[in-house]
Amino acid sequence: MTFSNSLELLKFHETAYTIYALMIISVVAWFGYNLTRENAKSIVRIPFYGYMAFLVAGGVGHHIFTYNAIPWVSQDITRHDIKPDQSYEFEIEKHKWVGLPKQIVVQCGQTVKFDVHSRDLVYGFGLFRKDGTLVTQMQVNPGTDVNGILDSNDMLWTFNHNGVFDLTSTEYSGPEQYSEDGKKDLMLVKDFVKVVGCKDGGAK
């Protein structure tokens, strides 16, 4: 099992955690039922502890199972062996994007490297769908190396679904990011990434 985007992963986790939560609630219900019975008998320990062991194993197993199924995790671990199809480098200073392309057009299945530098504060780099859900994000930290070169904050991302995504900072770095009435995000870049060439269900 693999997930091509965060929405698929979220739906899977939502289902898994709902089932898991109901199973945990059943333990509380088990205790409550026995406490309210007039002739309550002590809970048989072997089934109870076996059930608890099952819950622990299920919770740990769920995370182990999904760890390798999430494509961007393995991609990040092996990033030194991956050559991106496109690379973009730009900066942020005084709550403004510097050197940002007007729009990036990505073919389905292409891997893009985003390399962002901050000259002053901690910012974020986040891509969002039109419904406001997050595609991906990273923290952008300021700083320079011993030679005075700005520190790199980079990430690789493979796009497997068509769409037009907006860009904004995902870290609070002061009120200057917003208009005086707080209603407008001044770092919001509409339609920054456009992905084309994917089938309806995702991928090529």
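Reading guide: rules and limits
- Residues numbered from 1 in each chain as written.
- Predicted model: local features only at pLDDT ≥ 70, side-chain atom pairs only at ≥ 80, totals over all residues.
- Heavy atoms only, no water.
- Salt bridge = Lys/Arg side-chain N within 4 Å of Asp/Glu carboxyl O.
- Helix = DSSP H or I, 4+ residues; strand = E, 2+ residues; numbered from the N terminus.
- Core = buried A, V, L, I, M, F, W, Y, C linked by side-chain atoms within 4.5 Å.
- Buried < 20%, exposed > 50% of the residue type's maximum accessible area, 1.4 Å probe, protein only.
- Contact = heavy atoms within 4.5 Å.
- Expected span 1.5 Å × (residues − 1).
- Pairing = 2+ DSSP bridges.
- Disulfide = S-S within 2.5 Å.
- Phe/Tyr/Trp six-rings, centres within 6.5 Å; stacked < 30°, edge-to-face > 60°.
- Axes fitted to C-alpha atoms, helices over the stretch in contact; angles between N-to-C directions.

Draft legend 1. Up close: the pattern of salt bridges. All told, the structure shown has four salt bridges when counted by the stated rule. The residue Glu 91 makes a salt bridge to Arg 119 at a minimum N-O spacing of 2.6 Å. Here Glu 91 is found in strand 1 (residues 86-93), whereas its partner Arg 119 is found in the loop between strand 4 (111-118) and strand 5 (123-128), with 28 residues between them in sequence. When the shortest N-O distance is used, the salt bridge between Asp 191 and Lys 130 registers 2.5 Å. You can see Asp 191 sitting in strand 9 (residues 189-196) and its partner Lys 130 sitting in the loop between strand 5 and strand 6 (134-140), a full 61 residues away along the chain. By sharing partners, the salt bridges in this structure join Lys 130, Asp 166 and Asp 191 into a single network.

Draft legend 2. How the structure looks around the nonpolar core. Within the largest apolar cluster, 26 residues are counted, with the highest numbers of intra-cluster contacts made by Trp 97, Phe 114, Phe 125, Leu 127, Phe 159, Phe 192 and Val 193. Elements supplying a minimum of two residues to this core: strand 1, strand 3 (104-107), strand 4, strand 5, strand 6, strand 7 (153-158), strand 8 (163-168) and strand 9. No other element matches strand 9, which puts four residues into this core. Ignoring sequence-local partners within four residues, the contact set of Leu 127 consists of Phe 114, Thr 133, Leu 134, Val 135, Thr 136, Phe 159, Phe 165, Asp 166, Leu 167, Phe 192 and Val 193.

Draft legend 3. The arrangement of helix 1 (residues 6-36) in detail. Between its first and last C-alpha, helix 1 extends 44 Å over 31 residues, near the 45 Å set by a 1.5 Å rise per residue. Residues Ser 6, Leu 9, His 13, Val 27 and Asn 34 constitute the buried set of helix 1.

Draft legend 4. Seen up close, the pairing of strand 5. Most of strand 5 sits out of view: five of its six residues are buried. Sheet analysis places strand 5 next to strand 6, joined by six bridges and oriented antiparallel. Among the inter-strand pairings, Gly 124 is bridged to a residue of strand 6, identified as Gln 139. Hairpin connection, strand 5 to strand 6: the antiparallel pair is bridged by five residues, and Gly 132 has positive phi, about 90°.

Draft legend 5. Summary view of the state of the cysteines. Applying the stated criterion across every chain, the model contains one disulfide. Note that Cys 108 is cross-linked by a disulfide to Cys 198, the S-S spacing being 2.2 Å. Taking the torsion about the S-S bond as the criterion, the Cys 108 to Cys 198 disulfide, at about 105°, is right-handed. Residue Cys 108 is located in the loop between strand 3 and strand 4, and its partner Cys 198 is located in the segment after strand 9; the two are separated by 90 residues in the primary sequence. Assigned by exposure class, Cys 108 and Cys 198 land together as buried.

Draft legend 6. Highlighting the packing of aromatic side chains. Per the stated rule, a full pass over the model turns up six aromatic pairs. Aromatic pair Phe 90 and Trp 97: ring centres 6.1 Å apart, planes at 75°, arrangement edge-to-face. Judged on exposure class, the residue Phe 90 and its partner Trp 97 are both buried. Ring geometry for Trp 97 versus Phe 125: centroids 6.4 Å apart, planes at 85°, classification edge-to-face. One end of the pair, Trp 97, is in strand 2 (residues 96-98); the other, Phe 125, is in strand 5, with 28 residues separating them in the sequence. Through successive ring pairs, a cluster of aromatic residues spans Phe 90, Trp 97, Phe 114, Phe 125 and Phe 192.

Draft legend 7. Expanded view of the sheet that holds strand 2. The strand order across the open sheet built from four strands is 2-1-4-7, with neighbouring strands paired in mixed fashion. A single partner strand is all that each edge strand has here, and the edge strands are strand 2 and strand 7. Ignoring which end each strand starts from, the neighbouring axes of this sheet average 30° apart. Alignment of strand 1 against strand 2, held across three bridges, turns out to be antiparallel. Residue pairing in the sheet places Glu 93 in a bridge with Lys 96 of strand 2.

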